[in-house]
Amino acid sequence: MKRSPWLTIAMLLTTLWRPAPLHAEIDHRSWDQLLRTYVDDAGLVDYEGVQSQRDLLDAYLTSLADIDPTGLDSKEPLALWINAYNACVFKGVLDHPGISSVQDVKGFFDGIRYPVGGESLTLNEIEERGRALGDWRIHFAVVCAASGCPVLRSEAYAPERVGVQLDEQVSRYLVDDVHGMRIDYASKTLWVSKIFKWYAKDFVPDRPLTAKSLWAVIDGFVPQDKPLLPVLEQFSLKFLDYDWSLNAQRP
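Because the structure is a prediction, the values reported are computed rather than measured.

Q: Mind laying out the packing of helix α4 (residues 54–64) against helix α5 (residues 76–94), listing which residues take part and the relevant values?
A: Where α4 meets α5, the axes come as close as 10 Å, and the angle between the chain directions of the two elements is 135 degrees. Classified by the interaxial angle, the pair formed by α4 and α5 is oblique. For the pair α4 and α5, the crossing hand works out as left-handed. Counted together, Arg54, Leu57, Tyr60, Leu61 and Leu64 of α4 and Leu80, Asn83, Ala84, Ala87, Cys88, Phe90, Lys91 and Leu94 of α5 form the full contact between these two elements. Taken together, the residues that form the contact of α4 with α5 break down as 10 nonpolar, 1 polar and 2 charged.

Q: How would you sum up the pattern of salt bridges? Please name residues and give values.
A: All chains considered together, the criterion is met by 16 salt bridges. Across the pair Glu155 and Arg36 runs a salt bridge, and its minimum N-O distance is 3.3 Å. Highlighted residues: Glu155 in the loop between α6 (123–131) and α7 (162–175) and Arg36 in helix α2 (residues 29–38), separated in sequence by 119 residues. The shortest N-O distance in the salt bridge between Arg153 and Glu155 comes to 2.7 Å. Summarising the burial analysis for this pair, Arg153 and Glu155 share the class buried.

Q: Explain unusual backbone geometry residue by residue, including any values.
A: Positive phi, close to 70 degrees, is recorded for Ala145, a residue that is not glycine. A relative accessible area of 1% places Ala145 in the buried class.

Q: Tell me about the sheet that holds strand β4 (residues 189–192), residues and numbers included.
A: Taken in spatial order, the 3 strands line up as β3-β4-β5 in an open sheet, and their pairing is mixed. Lying at the two open borders of the sheet, with one neighbouring strand each, are β3 (181–184) and β5 (236–239). On average, each strand axis in the sheet is tilted by 20 degrees relative to the strand beside it, whichever way the strands run. Pairing analysis gives 4 bridges linking β3 to β4, with the strands arranged antiparallel. Within β4, the position partnered with Met181 by the bridge is Val192.

Q: How would you summarise the confidence of the model for the protein if you had to cite specific residues and measurements?
A: When pLDDT is averaged across the protein, the result is 90; 89% of the residues are at 70 or more. pLDDT under 50 marks residues 7–23. Its contacts with residues more than four places away, or in other chains, come to 6 contacts.

Q: Tell me about the packing of aromatic side chains, and name the residues and values.
A: According to the stated counting rule, one finds 15 aromatic pairs in the structure shown. Seen from their ring centres, Phe140 and Phe196 are 5.7 Å apart, and the 55 degrees between their planes marks the pair as tilted. With Phe140 in the loop between α6 and α7 and Phe196 in helix α8 (residues 195–198), this residue pair connects regions lying 56 residues apart in the sequence. An identical accessibility class is assigned to Phe140 and Phe196; each is buried. Taking the centre distance of 4.8 Å and the plane angle of 45 degrees together, the rings of Phe196 and Phe203 count as tilted. Counting every residue linked through ring pairs, the aromatic cluster contains Trp136, Phe140, Tyr173, Phe196, Phe203 and Phe221.

Q: Before we move on, could you go through the pairing of β4 and cite the residues and values that matter?
A: Adjacent in sequence and paired antiparallel, β3 and β4 are bridged by 4 residues, among which Lys188 carries a positive phi angle near 55 degrees. Pairing of β4 with β5 involves 4 bridges; the strand directions are parallel. Each residue of the ladder has a partner; that of Leu190, found in β5, is Leu237.

Q: Go over helix α10 (residues 211–218), please, and point to the residues and values.
A: Counting buried residues in α10 gives 6 out of 8 residues, a clear majority hidden from the surface. Along α10, the positions that sit buried rather than exposed are Ala211, Ser213, Leu214, Trp215, Val217 and Ile218. Where α10 is buried, its residues touch α7, β3, β4, α8, α9 (200–203) and β5.

Rules and cut-offs
- Counting restarts for each chain: residues are numbered from 1 in the order of the written sequence.
- Owing to the predicted nature of the model, reporting of local features is limited to residues with pLDDT of at least 70; listing and counting of side-chain atom pairs is limited to 80 or more, with chain, interface and lining totals taken over all residues.
- Where side-chain values are given, they derive from all heavy atoms of the structure, hydrogens and water being excluded.
- With axes taken as lines fitted to C-alpha atoms, and helix axes fitted only over the stretch in contact, angles between N-to-C directions fall between 0 and 180 degrees.
- Only DSSP runs of H or I reaching four residues or more are called helices, and only runs of E reaching two or more are called strands; each is numbered from the N terminus.
- These descriptions rest on fixed angle ranges, namely under 35 degrees for roughly parallel, over 145 for roughly antiparallel, 65 to 115 for roughly perpendicular, and the rest for oblique.
- Handedness of a crossing is defined here by the sense of rotation of the near helix relative to the far one, left-handed for an anticlockwise turn of less than a right angle and right-handed for a clockwise turn.
- Any two residues whose heavy atoms approach within 4.5 Å are treated as being in contact.
- Gly falls in the polar group here, along with every residue not listed as nonpolar (Ala, Val, Leu, Ile, Met, Phe, Trp, Tyr, Cys, Pro) or charged (Asp, Glu, Lys, Arg).
- The salt bridge criterion pairs a side-chain nitrogen of Lys or Arg with a carboxyl oxygen of Asp or Glu, the two atoms within 4 Å.
- Summary of the burial criterion: residues with accessible area below 20% of their type's maximum are buried, those above 50% are exposed, and those between are partly exposed, where the area comes from a 1.4 Å probe applied to protein chains only.
- When DSSP finds two or more bridges between two strands, those strands count as paired.
- The predictor attaches a confidence to each residue, called pLDDT, with possible values from 0 through 100.
- Pairing of aromatic side chains here covers Phe, Tyr and the six-membered ring of Trp, requires ring centres within 6.5 Å, and sorts the geometry by plane angle: under 30 degrees stacked, over 60 edge-to-face, intermediate tilted.

What follows is the structure, encoded as structure tokens:
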């Protein structure tokens, strides 16, 4: 029996067309489990413990490889990029046992690639995907395994709570006199992490980075026992030394 050309076209279109997959939330539970088990209250990591459950980390990273970030809802992309960055840092450290700093590894940030979101990305590129979402608080959540970084949370970032989690991260870092922020009232100097220098345009996109312009951004996160003097123009802005030693738990 001769087949109608219209039937042939219809069959071809049916073959080519497939309905878009339904949206599904990303499962961060295995990553959350690793963080709760092997990260202490100071944000230090038991990397040997993580290595003992390497299959859990690898499975989580595999689950992120083919995620389509453009198909995610609300705050899910922000949580995705933060968790992906931190988990890939874990993998980078575990793949180079015995290091005392990630700076010991050539290309740690701009050479080694990880499959995330349908792409092969370096850590810098993963961070850029997150930064592109326009929330400067991300700089207090992505942790590059250095002691000078903001404290690594002992839980995964959750889309429904990521805003609250980020607020807590900012406040916690600004309390840290050694790594985050220190105010020298005698010399009228605001000392802050070099993170603010490296990513100045994320914090103050349309003005030079000064003590006054930065304070306008972080003021709501600064502890009440650290008020600046009224005349902000009199304060200079300087940057704390950055501690690149590995954020590993010590015996």
